[in-house]
Amino acid sequence: QKEVEQDPGPLSVPEGAIVSLNCTYSNSAFQYFMWYRQYSRKGPELLMYTYSSGNKEDGRFTAQLNRASQYISLLIRDSKLSDSATYLCAMTDYGNNRLAFGKGNQVVVIP
Amino acid sequence: NAGVMQNPRHLVRRRGQEARLRCSPMKGHSHVYWYRQLPEEGLKFMVYLQKENIIDESGMPKERFSAEFPKEGPSILRIQQVVRGDSAAYFCASSPGQLDEKLFFGSGTQLSVL
């Protein structure tokens, strides 16, 4: 079993829709959880960062961490064309910058 | 304030040649990380360096790969005698401190081995 599982299937949504992405993890030592956004031919860009169970909001984005069930999710509300990108979950344990990444979800927002 | 700078953006090598990838971290960052992204795979950690020191190379292949971060100049990831399986996007990231988990990534070097 991989440390981080993220269903890589592409996702097409109409503009204005809600996008929901999920990752599960098997390593209970993970303490810090991140969502990165990666545009085509670019490096990953940090989008959200959390270490507390529950929801964290930043504008149209909400990151949720559920330690008991060992999953994280990202919600994008009112999706825009500029949200078309690959979204990667990443996580690490304390004092360790070796991030473990999911495979990424390609999201396409269509007009 | 420039971000993490990587060059070249694209590198083409024939089998058996050497590939040298360069990374200049963000200003004020002294911690550098290299990750590799193979087709259809997620990003995989390779090596973590501070100035003049390799801190963690647990993700680095044992042969043909090496990395350095000299006192002056960029970090270098070196791949000797490249093979087709080395074709991938190589990303460099930097952070200001060891315990700062927020990494800032460069745009990557796409290595193609013919």
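The paragraphs below set out a description of the structure included in this document.

Cut-offs used in this document
Residues numbered from 1 in each chain as written. Chains lettered and ligands numbered in written order. Predicted model: local features only at pLDDT ≥ 70, side-chain atom pairs only at ≥ 80, totals over all residues. Heavy atoms only, no water. Helix = DSSP H or I, 4+ residues; strand = E, 2+ residues; numbered from the N terminus. Rg over C-alpha atoms; globule rule 2.2 N^0.38 Å. Buried < 20%, exposed > 50% of the residue type's maximum accessible area, 1.4 Å probe, protein only. Contact = heavy atoms within 4.5 Å. Pairing = 2+ DSSP bridges. Salt bridge = Lys/Arg side-chain N within 4 Å of Asp/Glu carboxyl O. Axes fitted to C-alpha atoms, helices over the stretch in contact; angles between N-to-C directions.

### Focus on the overall build of chain B
At step 1: Regarding its fold elements, chain B presents zero helices and 11 strands.
At step 2: The linear arrangement of helices and strands in chain B, starting from the amino end, is β-β-β-β-β-β-β-β-β-β-β.
At step 3: For chain B, the C-alpha radius of gyration of 13 Å lies close to 13 Å, the compact-globule estimate for 114 residues.
At step 4: Taking the principal axes of the C-alpha coordinates as reference, chain B spans close to 35 × 25 × 25 Å.
At step 5: Every one of the 114 residues in chain B was classed for burial, and the buried ones make up 45%.
At step 6: Within chain B, contacts between residues at least 6 apart in sequence are counted, and of these 53% link residues at least 24 apart.

### Focus on the pairing of strand β9 (residues 85–93) of chain A
Residues and elements named next belong to chain A.
At step 1: For β9, a buried count of seven out of nine residues is recorded, marking the element as mostly surrounded by other parts of the structure.
At step 2: Across eight bridges, strand β4 (residues 30–38) lies against β9 in antiparallel orientation. Across the sheet, Met34 pairs through a bridge with Ala90, a residue of β9.
At step 3: With three bridges joining them, β9 and strand β11 (residues 105–110) adopt antiparallel strand pairing. Counted as the bridge partner of Ala85 is Val107 from β11.

### Let's talk about the pattern of salt bridges
At step 1: With the rule as written, the count across this model stands at eight salt bridges over all chains.
At step 2: Two residues, A:Arg37 and A:Glu45, come together in a salt bridge whose shortest N-O distance is 3.3 Å.
At step 3: Residue A:Arg37 is classed as buried on the basis of its relative accessible area of 12%.
At step 4: Taking the shortest distance from any N to any O, the salt bridge between B:Arg78 and B:Glu18 comes out at 2.9 Å. Linking B:Arg78 in strand β8 (residues 75–79) with B:Glu18 in the loop between β2 (10–13) and β3 (19–24), this pair joins segments that are 60 residues apart in sequence.
At step 5: The network of salt bridges with shared partners includes B:Glu18, B:Arg20 and B:Arg78.

### As for the sheet that holds strand β7 (residues 65–68) of chain B
Residues and elements named next belong to chain B.
At step 1: Strand order in the open sheet made by the four strands is β1-β3-β8-β7, with antiparallel pairing throughout. One side of each edge strand has no neighbouring strand; the edge strands of this open sheet are β1 (5–7) and β7. Averaged over all pairs of adjacent strands, the angle between strand axes in this sheet comes to 15 degrees, irrespective of strand direction.

### Some details on the environment of A:Val109
Residues and elements named next belong to chain A.
At step 1: Positionally, Val109 belongs in strand β11.
At step 2: Between the C-alpha atoms of Val109 and Leu11, which are 98 residues apart in sequence, the distance is 8.4 Å.
At step 3: Dropping the residues within four chain positions of it, Val109 is found in contact with Val13, Pro14, Glu15, Ser79, Lys80, Leu81, Asp83 and Ser84.

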